[in-house]
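Examination of the molecular architecture
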Amino acid sequence: MAVIDRHNRPADCPPRVGQGTWGGVAALAVLSLPPGSAQAAIFNVTQDTWGSSADVGSFAWAIHQANSTPGADVIAVADGLEIDVDGANASSSPFNLATISESVTILGNNARLVGNPEFVTSGGIDVTKNNPQAFINGSDVLTTPSFSLLKIGTFGQSNSGINVSISNLNTNGLNRIAQVNEGASLRYSGSAFEQSVNFTGGSTGCCFAGFAGSTISLDNVLIREARTFNSPIGLAFDALISAEDATLTISNSRIERSAGGGAISLVGGIANVVSSVLFGSGGVSATGGTEQTTGTLKFVNSLAYLTGPLENGGLDDDVRSNRFIAGDGGLIEVIASTILSDNATILGDLDQGYNDGVPLTVAGGSIQLSSSAVMATQVAGLEEQVAYAIYGGGSYSADALSWVRPTGNQSASSLRTLFHQPCLITGLPGIPVAVASVDPLVEFLLPYPQGAYPAVPGVLVGVVPDAGPGGVNELRSPIDGSLITTDVFGNPRTTNGLRNVGAVQEQVPGPLPLLGVASAYGWCRRLRRRILGRRAPRRGRISG
């Protein structure tokens, strides 16, 4: 039986009842669907190519009609229709299929837009969405563009009053899904965006971008295998989903196996990420913006599983983007959530000098933990690796219901100091890891999703008291104030009124699959060879 260090907390720490409450949240208004009216027109899409404004029944025609017809119209796509966008005429640069200038509701009815972008490298290699790489202007030859779907409103001017709602409209092989310009709003739900690629040679990135005063609401969406080929600049993100001086809400969604210079970026404004998963797709960045000098991002009942390629691992292995980072003016509140970094698979280019701070970095901003679990696996040879770092100022804080796993370079006592919490939980077992090598030490996460589950018995199980409906520690969404009743995987959020630390409630212990063990040892051998040849300059880091 496992021997449990009960939270590794000083004896004089008070009971936890009533601590770490997530209640009384000022609910943000949920973006509603554009109101219908008797005069609203309905335009049906039946054509299996994108078409043009003159092709009756095409998507291009339907959007042109909606733009030309006053009022909030409806575009209804035929059930399950697959629409080929190759050969379309872009409405604007870089290769946008359409610009929406009037409020509209698009009913996708599980239709799918499919693109097959392609270019030929200077060396004669055909590159498609199935073997993607960055397009190089001036040397590569583009044969089929990677189209972006929509621009909403006109960039650089107020688009207040343009409200777009899209449901059940999927894409495969497109670039950006939507650019939401100043003051406009977009609600996108029940859809999957797969194999998005940026073959423009520019910084146009997947999958959503919002500008000053805009609102983006994503619910029940899946982003999988998206690649922007944009690299972080220093510790700044471009990201798969970005909002600048804007409002962003993401709920019940997943970003999986993608690489876009980080998963989510907020530069001024408000972002709420609720009951969602980031898997193998980089982390989260929050800073102040131009019009809004603060950027506040709440990560609630959600999981970040930061991992590079390994068996069923992710795509993003850049050490710079696999982190939660709060820059100047940025505040990240991590509430009832789990953040894990599989550092054996996150190698990237350490010559940038930012190899510390995976999974947490403050660089002038603040990160606050509430009943959350944070862990980095340990790898010998990552010189002086600091999992929870400070660059150029900023601060951490945590409540007494949060768990942060110590590392060889950051002891339990130093973490309590760093997080300004003398009762921070630092004991073991918390979340199981596999040890591929003892000397040198190489740990890695168990395969997703198993690797996100807490150890049973363990220090994360049943820690948060009075957490059921009406309890002092009940969990509510910052989006609309609704009660959160399930964990990030859909299991009941409480057990006998108690909630686990982190985002995962169900208690499912289990051995590492044999295939995973074999893979881990093979990876360990490759990792040793890479470590021996590495150099890692140190600069500007505070370990606490």
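Attention here is on the structure that accompanies the text.

So, how was this worked out
Residues numbered from 1 in each chain as written. Predicted model: local features only at pLDDT ≥ 70, side-chain atom pairs only at ≥ 80, totals over all residues. Heavy atoms only, no water. Pairing = 2+ DSSP bridges. Helix = DSSP H or I, 4+ residues; strand = E, 2+ residues; numbered from the N terminus. Axes fitted to C-alpha atoms, helices over the stretch in contact; angles between N-to-C directions. Phe/Tyr/Trp six-rings, centres within 6.5 Å; stacked < 30°, edge-to-face > 60°. Buried < 20%, exposed > 50% of the residue type's maximum accessible area, 1.4 Å probe, protein only. Contact = heavy atoms within 4.5 Å. Salt bridge = Lys/Arg side-chain N within 4 Å of Asp/Glu carboxyl O. Core = buried A, V, L, I, M, F, W, Y, C linked by side-chain atoms within 4.5 Å.

A few words now on the sheet that holds strand β8 (residues 141-144). An order of β7-β6-β8 is seen for the three strands of this open sheet, with the pairing classed as antiparallel. Each end of this open sheet is capped by a strand with a single partner; those strands are β7 (126-128) and β8. Neighbouring strand axes in the sheet, compared pairwise and without regard to direction, differ in orientation by 25° on average.

In total, this model carries 17 aromatic pairs according to the counting rule given. Residues Phe193 and Phe208 carry aromatic rings whose centres are separated by 5.4 Å and whose planes lie at 70° to one another, so their mutual orientation is edge-to-face. Pair noted here: Phe193 is in strand β12 (residues 185-194) and Phe208 is in strand β13 (residues 208-210), with a separation of 15 residues, a long-range link. The exposure class assigned to Phe208 is buried, which follows from its relative accessible area of 1%. Every member of this aromatic cluster is reached through a ring pair, and the members are Phe279, Tyr305, Tyr448, Tyr453 and Phe489.

For the rest of this paragraph, the subject is the side chain of Ser477. Mapped onto the elements, Ser477 comes out in the loop between β32 (442-445) and α3 (514-532). In contact with Ser477, other than residues within four places in its own chain, are Val274, Ser482 and Ile484.

Moving on to the pairing of strand β15 (residues 241-251). In terms of burial, β15 is a largely internal element, nine of the 11 residues being buried. As paired elements, strand β14 (residues 215-224) and β15 share five bridges and run parallel to each other. If you follow Ser217 over to β15, its bridge partner there is Thr249. Judged from the 10 bridges that link them, β15 and strand β17 (residues 264-274) form a sheet pairing that is parallel. Among the inter-strand pairings, Ala243 is bridged to a residue of β17, identified as Leu266.

With that settled, consider the environment of Val56. Along the polypeptide, Val56 turns up in the loop between β1 (42-45) and α1 (59-68). Accessibility expressed as a relative area gives 63% for Val56, which makes it exposed. For the pair Val56 and Thr46, spaced 10 residues apart in sequence, the C-alpha separation works out to 8.8 Å. In this view, Val56 contacts Gln47 and Trp61; residues no more than four positions away in its chain are not counted.

Right, let's talk about the pattern of salt bridges for a bit. Inspection of the entire model under this criterion finds seven salt bridges. One salt bridge connects Arg254 with Glu256, and the closest N-O pair in it is separated by 2.7 Å. Put simply, Glu194, Arg224, Arg254 and Glu256 are held in one network by salt bridges that share partners.

With that settled, consider the nonpolar core. If you look at the biggest cluster of nonpolar residues, it comprises 89 residues, and the most contacted ones within it are Trp50, Phe59, Tyr188, Phe208, Ile264, Tyr388 and Phe419. With six residues, the single largest contributor to this core is α1. Not counting chain neighbours up to four residues away, the residues in contact with Phe59 comprise Val45, Trp50, Ile75, Val77, Ile83, Ile106, Leu113 and Leu169. Listed in part, the 24 residues of the second largest apolar core include Ile425, Ile431, Val463 and Val504.

With respect to the helices and strands, Ser167 occurs in strand β10 (residues 163-172). Residue classification places Ser167 among the buried residues on the basis of a relative accessible area of 17%. Excluding its chain neighbours within four sequence positions, the residues that come into contact with Ser167 are Ile106, Leu107, Gly108, Asn109, Ser189 and Ser191.

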